[in-house]
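# Examining the three-dimensional arrangement
Each chain is listed here by its residues.
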Amino acid sequence: MTVYFIGAGPGAPDLITVRGLKLIQRCPVCLFAGSLVPEATVAEAPEGALVKDTAAMNLDEIIEDIKQAHAEGKDVARVHSGDPSIYGAIAEQMRRLNALEIPYEVVPGVPAFAAAAAALGTELTIPGIAQSIILTRTSMKSSSMPERESLAILGQSGATMAIHLSVRNSAHIERELTPHYGEDCPAVIAYRVGWPDQTFIHATLGTLRQKIRESKLTRTALILVGPALGAQNFEESKLYDAEFEHILRLPKKASKKG
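Below or above, wherever it landed, is the structure these notes cover. Just so we're clear, the structure is a prediction, and the values are computed from it rather than from any experiment.

## Details of the state of the cysteines
- Scanning the model with the defined rule gives zero disulfides in all.
- With no disulfide of its own, Cys-27 lies 7.8 Å from the sulfur of Cys-30, the closest cysteine sulfur.
- For Cys-27, a relative accessible area of 0% corresponds to the buried category.

## So, unusual backbone geometry
- Although it is not a glycine, Tyr-87 adopts a positive phi angle of roughly 50°.
- Tracing the backbone shows Tyr-87 in the loop between strand S4 (76–80) and helix H3 (91–100).
- One non-glycine residue, Leu-165, adopts positive backbone phi at about 55°.
- Tracing the backbone shows Leu-165 in the loop between strand S7 (160–164) and helix H6 (170–181).
- Residue Leu-165 is classed as exposed on the basis of its relative accessible area of 53%.

## Here's the deal with the sheet that holds strand S9 (residues 199–204)
- Reading across from one edge, S6-S7-S10-S8-S9 is the order of the five strands in this open sheet, with mixed pairing throughout. With one partner strand each, in any of the chains shown, strand S6 (133–137) and S9 form the two edges of the open sheet. Between one strand axis and the next, the sheet turns by 20° as a mean value, whatever way the strands run.
- Judged from the three bridges that link them, S7 and strand S10 (residues 221–225) form a sheet pairing that is antiparallel. Considered in S10, the bridge of Ile-163 is made with Ile-223.
- Across the face of the sheet, helix H4 (residues 112–120) comes into contact with S6, S7, strand S8 (186–191), S9 and S10 while running at roughly 70° to S10.
- Running at roughly 150° to S9, helix H7 (residues 208–215) makes contact with S8, S9 and S10 of the sheet.

## Brief notes about the environment of Thr-125
- With respect to the helices and strands, Thr-125 occurs in the loop between H4 and S6.
- With 104 residues separating them in the primary sequence, Thr-125 and Leu-229 have C-alpha atoms 9.0 Å apart.
- Looking at Thr-125, its side chain comes within polar contact range of the side chain of Glu-123, at 3.3 Å.

## A look at the packing of aromatic side chains
- For the structure on display, the rule yields one aromatic pair.
- Between the aromatic rings of Phe-5 and Tyr-104, the centroid separation amounts to 6.0 Å while the plane-to-plane angle is 75°, which identifies the pairing as edge-to-face. Residue Phe-5 is located in strand S1 (residues 3–7), and its partner Tyr-104 is located in strand S5 (residues 104–107); the two are separated by 99 residues in the primary sequence.
- By relative accessible area, which is 0% here, Phe-5 ends up buried.
- Positioned above the aromatic ring of Trp-195 is the side chain of Arg-192, whose terminal nitrogen or guanidinium carbon lies 4.1 Å from the ring centre.

## Some words on the pattern of salt bridges
- Following the criterion strictly, the structure yields seven salt bridges and no others.
- Between Glu-72 and Lys-74 there is a salt bridge, and its shortest N-O distance comes to 3.1 Å.
- With a shortest N-O distance of 2.8 Å, Arg-192 and Asp-197 are connected by a salt bridge.
- Given the relative accessible area of 18%, Arg-192 is considered buried.
- The exposure class assigned to Asp-197 is partly exposed, which follows from its relative accessible area of 35%.

Rules behind the numbers
- Residues numbered from 1 in each chain as written.
- Predicted model: local features only at pLDDT ≥ 70, side-chain atom pairs only at ≥ 80, totals over all residues.
- Heavy atoms only, no water.
- Disulfide = S-S within 2.5 Å.
- Buried < 20%, exposed > 50% of the residue type's maximum accessible area, 1.4 Å probe, protein only.
- Helix = DSSP H or I, 4+ residues; strand = E, 2+ residues; numbered from the N terminus.
- Pairing = 2+ DSSP bridges.
- Axes fitted to C-alpha atoms, helices over the stretch in contact; angles between N-to-C directions.
- Contact = heavy atoms within 4.5 Å.
- Polar contact = N/O pair within 3.5 Å; in protein donor to acceptor, adjacent residues only side chain to side chain.
- Phe/Tyr/Trp six-rings, centres within 6.5 Å; stacked < 30°, edge-to-face > 60°.
- Lys NZ or Arg CZ within 6 Å of the ring centre and 35° of its normal.
- Salt bridge = Lys/Arg side-chain N within 4 Å of Asp/Glu carboxyl O.

If you want it as structure tokens, here you go:
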């Protein structure tokens with residue numbers, strides 16, 4: 001048997017990959033993170049399959065279910081939200097499976113920051129403005145952040161920032177990033193991206209805390225910050241520049257006259 005860690009995307013059932021969906025359709029055991037993965041995503045599990053929401057379960061309980069499936073020779077679809085490589089808590093599960101010699105594979109998914117950018121109709125890497133994206137979070141009740149990854153340090157880059165799991169820490173975000181980006185820097189609060197009730201709240205660093213307080217959001221929101229958001233005055237890339245030559249677009253030969 002094999003345990004498949006499947007990234008289900010940010011919420012919309014049709015944003016899961018073809019590979020991920022096919023695995024859900026054939027695995028006799030499906031363990032899904034119900035607080036972030038809608039039931040519609042796992043609705044195509046085969047008839048008679050064990051479909052279990054793990055939102056209220058601890059790690060030991062989840063591993064016990066996987067051990068039982070292993071003993072019965074049943075493949076497991078372990079379904080996480082977004083892409084499991086980003087705040088997916090799969091490393092600790094894989095470490096346990098390594099110790100138990102239970103095989104597993106990881107199936108990537110659409111991350112929330114990419115789905116948010118798509119829904120907003122914006123590119124996060126704009127020529128001459130921002131060519132890097134930093135995926136990060138702040139210290140809350142979960143694991144602490146390494147000191148070298150503080151917003152004050154990361155903000156020195158001026159890159160587009162996708163700040164996860166931090167909607168209740170907006171005052172800290174404003175305080176740490178304003179010296180580097182300025183209080184007029186665009187920001188977007190992306191709530192439940194990909195779900196039917198997804199909401200985007202446009203703000204600036206200077207109004208971020210106020211906007212979040214007014215919206216009464218306390219969880220399931222991603223914060224995007226950076227001058228690339230909605231930028232209009234920027235240079236065009238060289239990729240499609242008629243004067244720029246590359247191996248797939250050689251210069252046109254001049255026509256001969258007479």
